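# Fold and geometry: a report
If you want the building blocks of each chain, they are given just below.
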Amino acid sequence: MTNHMQRGKKQVMYNFPPKATFSNPKHNLIEISDTMFGEKMDISSEQELIDYVHANLSSWEGGVADDSVPSPSRDQWVIADPERVYAEIFPRVFECMDCGKIHDYSGKRITGLEENGQDCQRNGCDGNLTQIHHVGVCPSCSDISSINVPSCDDHGWSYVKLDDRADRYQNFKWRCGACNGAVIKEGIHAFCDCGEYMDVTVHSASKAMNIHDLTRVDLGTNNVYQSDLRSDEEIDPLVIGAYLGEFDHPETTLREMVQKDGVSGIDYDDLDADDPEVIEGIKDALGQIGGGENPELVRRSVENKVGGVEPTENMRRYIQLHEIMEQESAREDASTREKQLMDQMGILDIGVTSEFPLLKGVYGYHRTFNEQEDDKPTPAVRTFPPIKVEDGDWRTPIYTTRSKTEAAIVQLDPRAVGHWLSEAGYNIADTQDMDLPEARATLYAAMEPVEPYSTDVETNEKYNEVTRAVHRLLHTMSHLLMQRASVHSGIEETSFAEYLFTDALATAIYSNNTQNYTAGGLFTLTDRNLDDWLLSTLNQGERCMYDSTCAEIRGGACHACLHISEIGCQHFNKNLSRIDLYGERIAKDAATGFWKLTGGLGST
């Protein structure tokens, strides 16, 4: 017996994923989600997402049920946008509300429920049936089942009743109504096919279903600005040019530059001048293009400044986000005091948007207590059953949906960053007296692209020392800003997360909990409390209760000062150090801190 349900996508993902039980008030029944269907979702970070899920499953202490985790390849997984879910009745043990007879329709006995409905089948009774909401959950393989109904030696299951007046499951009693209520067996029990004895609980208890989920930033695909007019190689320098300031971006968007480039390549001798629609189309195209920048000059300038001009995915995403913020124009101009504080902290700009795009996803579950008992093993995690995709293959699903949240985008001043690097002895030109485009180009040319969710920036040899230092500086400042944002915004620290655009010297601090945060909290923080937020970050970030041990031995980063929840930290609390910001103030023989050079801690 199945029931076709229709719900919102996020509600389906978190409340009705496959193998989740729920109460259906429409039919006054408890049901279990059986099958969920969805269309394949195209995202820019598909392989990153698959790698992340595979790593989490592979590192789960209890393992994966049936050793069923697929390899981390795209032909084994599908990012699915949930559309519809089918459910069936579960658990299948019922009790007559009149005579108390237990009806067990579990296993192959489901046909009896389909044929007889919710009516008592004991002779002489026409009472209605109600479900018993107790279920068994396996502490080993995370399976779920109906409870076991014992039989009477003399009367079988003809009149089994459940006496549930005791406070504990082990004191419940199974009785036979045909034997004047004689006790058949004590306690409620359930047994798993894996051989384990199941824990008994109500279906809605917290241990019955614990979802494994994720929140990731989804800033679109790298094709967002692509056009039939130009190839990737021709458009890529425009992306870098937008960041370096080679044209008036974001007032002139990349799309407008691409259109301008395409229109400038039109051969008017080949146009049908007698076709009014063609002429009108050209006029419309020309009218949509503003600014006097020449795309070809932008390309040449970029190539001269930075050489290689293929932008990273992160740079593309940052430029796209920068345009979104400009279009939204939600934040007022900074006050004189705010600008002074930003200058003293080496911050070029702080923007805010309510259009920061997230992916919410679920990829598995386990069944146990939320607070795992010491004497019990960690249960196995289960992936969701495979679904069929367009090409006919069956793949393991990661159910995802898109949502929007608020984010504050903090961009560091490349002139200050380059000056700090030079003073600290890194092999890079001092950018202090450069103009902004030249300073950006100097740092961009010296850095390697950082993988968005890497955990080895400080150890991987593919990252040069300048890249590690810039990432560490930006990452550290991002954590301090998140910690102090919770104080001044009213949003819990655990609701904040970060997304670093290392090659753009920027970090996005966003709310990763779209259900439990105060809407407008980040707008209020940046518009009304920006000076308090920045000043407290500057002053409070210097201290750690474990100094000098933290600063001198642990590198200036520990759980008491910089570490945050790994849900919120993009790089799992790796490559962090307060020493980069505070220098000799917290560690002997350290180089001058970034905030000392910018004047935030007093000028040199």
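What counts, and at which threshold
Sequence positions are assigned chain by chain, starting from 1 and proceeding in written order. It should be noted that, the model being predicted, local features are given only for residues of pLDDT at least 70 and side-chain atom pairs only at 80 or more, the latter also being counted only at that level, while totals for whole chains, interfaces and linings use all residues. By convention in this description, side-chain values take in all heavy atoms of the structure and omit both hydrogens and water. Only DSSP runs of H or I covering at least 4 residues are called helices, and only runs of E covering at least 2 are called strands; the numbering of each starts at the N terminus. Throughout this description, buried means an accessible area under 20% of the type-specific maximum (1.4 Å probe, protein chains only), exposed means over 50%, and partly exposed covers the range between. Note on aromatic contacts: the rings of Phe and Tyr and the six-membered ring of Trp form a pair at centre separations within 6.5 Å, being stacked when their planes are under 30 degrees apart, edge-to-face when over 60 apart, and tilted otherwise. In our convention, an over-ring charge means Lys NZ or Arg CZ found within 6 Å of a ring centre and within 35 degrees of that ring's normal. Residues are said to line a cavity or pocket when one of their atoms sits within 4 Å of a point; the points come from a 1 Å grid over protein atoms alone, cavities being sets where a 1.4 Å probe fits but cannot get out and pockets being open sets with protein on both sides within 12 Å along at least five of seven lines. Grid points are joined across faces, edges and corners, and a volume is the space filled by probe spheres set on the points. Polarity classes work like this: nonpolar for Ala, Val, Leu, Ile, Met, Phe, Trp, Tyr, Cys and Pro, charged for Asp, Glu, Lys and Arg, and polar for all others, with Gly in that last group. Residues adjacent in sequence count toward polar contacts only when both atoms are side-chain atoms; beyond that, a polar contact is any pair of N or O atoms within 3.5 Å, and within protein one must be able to donate a hydrogen and the other to accept it. For this analysis, a salt bridge means a side-chain nitrogen from Lys or Arg found within 4 Å of a carboxyl oxygen belonging to Asp or Glu. Pairs of cysteine sulfur atoms within 2.5 Å are identified as disulfides in what follows. What a helix is expected to span follows from its residue count: subtract one and scale by 1.5 Å. This arc describes the spread of directions from the helix axis toward the C-beta atoms. Residues count as neighbours in contact if any of their non-hydrogen atoms are within 4.5 Å of one another. A pair of strands is labelled paired if DSSP reports no fewer than 2 bridges between them. Every axis in this analysis is a line fitted to C-alpha atoms, fitted for helices over the stretch in contact. Angles between the N-to-C directions lie between 0 and 180 degrees. What makes a nonpolar core is a set of buried Ala, Val, Leu, Ile, Met, Phe, Trp, Tyr and Cys residues whose side-chain atoms join them at distances within 4.5 Å. Roughly parallel means an angle under 35 degrees; roughly antiparallel, over 145; roughly perpendicular, 65 to 115; everything else is oblique. Known as pLDDT, the predictor's confidence for each residue is given on a scale from 0 to 100.

## Some remarks on the overall build of the chain
On a plain count of helices and strands, the chain comes out with 17 helices and 20 strands. Expressed as a percentage of the 604 residues in the chain, the buried residues total 51%.

## A closer look at the packing of aromatic side chains
Taken as a whole and assessed by the stated rule, the structure comprises 14 aromatic pairs. Put simply, the rings of Tyr318, Tyr499 and Phe501 touch in pairs and so form one group of aromatic residues. Seen from the ring of tyrosine 52, arginine 216 lies directly overhead, with NZ or CZ sitting 4.8 Å from the centre.

## Some thoughts on empty space enclosed by the protein
Counted according to the given criterion, the structure contains 2 cavities of 30 Å³ or more. Taken as a whole, the second largest cavity holds about 40 Å³ of empty space. If you trace the second largest cavity, you find it lined by Ser45, Glu48, Leu49, Arg216, Val217, Arg317, Tyr453 and Tyr499. A class-by-class count of the residues in the lining of the second largest cavity yields 4 nonpolar, 1 polar and 3 charged.

## A short note on the side chain of histidine 212
Mapped onto the elements, histidine 212 comes out in strand S14 (residues 210-217). Of the residues examined, histidine 212 reaches a relative accessible area of 11% and is grouped as buried. Of the polar contacts made by the side chain of histidine 212, one reaches the side chain of histidine 366; its length is 2.8 Å.

## Structural notes on the pattern of salt bridges
Pairs may arise between side chains of opposite charge once their charged atoms sit close together. One pass over the structure, following the stated rule, counts 19 salt bridges. The closest approach of N and O atoms between glutamate 296 and arginine 300, which form a salt bridge, is 3.7 Å. Placement of the pair is glutamate 296 and arginine 300 together in helix H7 (residues 295-306), with a separation of 4 residues, close to one helical turn. For the salt bridge of lysine 596 with glutamate 584, the shortest nitrogen-to-oxygen distance reads 3.5 Å. Of this pair, lysine 596 sits in helix H17 (residues 594-597) while glutamate 584 sits in the loop between helix H16 (579-582) and H17, and the two are 12 residues apart along the sequence.

## Observations regarding the state of the cysteines
Following the criterion strictly, the structure yields 0 disulfides and no others. Cysteine cysteine 120 remains unbridged, with the sulfur of cysteine 96 as its closest cysteine sulfur at 3.7 Å. For cysteine 544, which is in no disulfide, the shortest distance to another cysteine sulfur is to cysteine 558 and amounts to 3.5 Å.

## Observations concerning helix H2 (residues 46-58)
Working note: α-helix, 3.6 residues per turn, so residues spaced by three or four point in the same direction. Between its first and last C-alpha atoms H2 spans 18 Å; for 13 residues at 1.5 Å apiece the expected length is 18 Å, and the two agree. Considered for burial, the residues of H2 that qualify are Glu46, Leu49, Ile50, Val53, His54 and Leu57. One side of H2 holds all its buried residues, which, seen down the axis, span an arc of 130°. Those residues of H2 that are buried lie in contact with strand S3 (29-40), strand S4 (77-89), S14, strand S15 (347-366), strand S16 (382-383) and strand S18 (394-412).

## Some details on unusual backbone geometry
In this structure, proline 91 follows phenylalanine 90 across a cis peptide bond, with omega equal to -5°. Within the secondary structure layout, proline 91 lies in the loop between S4 and strand S5 (93-96). The step from histidine 249 to proline 250 runs through a cis peptide bond, and the omega angle for that step is 10°. When you line up the elements, proline 250 lands in the loop between helix H4 (232-244) and helix H5 (254-264). The phi torsion at lysine 19 lies on the positive side, around 80°, for a residue other than glycine. Here lysine 19 lies in the loop between helix H1 (9-15) and strand S2 (21-24). Residue classification places lysine 19 among the partly exposed residues on the basis of a relative accessible area of 27%.

## Considerations on the environment of valine 410
For valine 410, the position within the fold is in strand S18. Residues valine 410 and leucine 481, spaced 71 residues apart in sequence, show a C-alpha to C-alpha distance of 9.5 Å. Those residues in contact with valine 410 that lie beyond four places of it in its chain are Ile347, Asp349, Ile350, Leu481, Leu505, Ala506 and Thr507.

## Here's the deal with the sheet that holds strand S8 (residues 134-137)
On the basis of which strands lie adjacent, the open sheet formed by 3 strands has the order S9-S8-S13 and antiparallel pairing. What marks the edges here is a single partner per strand, and that holds for strand S9 (144-146) and strand S13 (199-202). The sheet shows a mean angle of 40° between the axes of neighbouring strands, taken without regard to direction. Sheet topology places S8 next to S9; 3 bridges connect them, and they run antiparallel. Within S9, the residue paired with glycine 136 across the bridge is serine 145.

## Quick notes on the nonpolar core
Within the largest apolar cluster, 92 residues are counted, with the highest numbers of intra-cluster contacts made by Phe356 and Trp595. Sort the elements by how many residues they give to this core and helix H12 (residues 465-489) lands first, with 10 residues.

## Here's the deal with the sheet that holds strand S7 (residues 129-131)
Ordered in space as S6-S5-S7, the 3 strands form an open sheet in which the pairing is antiparallel. In this open sheet, the two edge strands, each paired with only one partner strand, are strand S6 (102-104) and S7. Mean inter-strand twist for the sheet, computed between neighbouring axes without regard to direction, equals 35°. Direction of pairing for S5 relative to S6: antiparallel, over a ladder of 3 bridges. What sits directly across from valine 93, in S6, is aspartate 104.

## Comments concerning the packing of H4 against helix H11 (residues 436-446)
Each pair of packed helices gets described by two things: the angle between the helix axes and the distance between those axes. Where H4 meets H11, the closest approach of the two axes is 9 Å, and the angle between their N-to-C directions is 125°. With respect to each other, H4 and H11 are oriented oblique. Where H4 approaches H11, its residues Ile240, Tyr243 and Leu244 are matched on the opposing element by Pro437, Arg440, Ala441 and Tyr444. Here the residues of the contact of H4 with H11 sort into 6 nonpolar, no polar and 1 charged.

## Side note on the pairing of S3
A regular strand places its side chains on the two faces of the sheet in alternate fashion. Pairing of S2 with S3, which is carried by 4 bridges, proceeds in the antiparallel orientation. Within S3, the residue paired with threonine 21 across the bridge is isoleucine 32. Connecting S2 to the antiparallel partner S3 that follows it, the hairpin turn spans 4 residues, and asparagine 28 within it adopts a positive phi of roughly 55°. Alignment of S3 against S4, held across 9 bridges, turns out to be antiparallel. Note that in S4 the partner of serine 33 across the bridge is alanine 87.

## Observations regarding the confidence of the model for the chain
Per-residue pLDDT for the chain averages 85, and the proportion of residues at 70 or more is 88%. Residue range residues 287-291 is modelled with pLDDT below 50. Its contacts to residues more than four positions away, or to other chains, number 9 contacts.

## Some remarks on the side chain of histidine 475
Relative to the assigned elements, histidine 475 resides in helix H12. Histidine 475 gets classed as buried once you look at its relative accessible area, which sits at 0%. The contact partners of histidine 475, leaving out residues within four places of it in the chain, are Glu498, Leu500, Cys569, His571, Lys574, Asn575 and Leu576.

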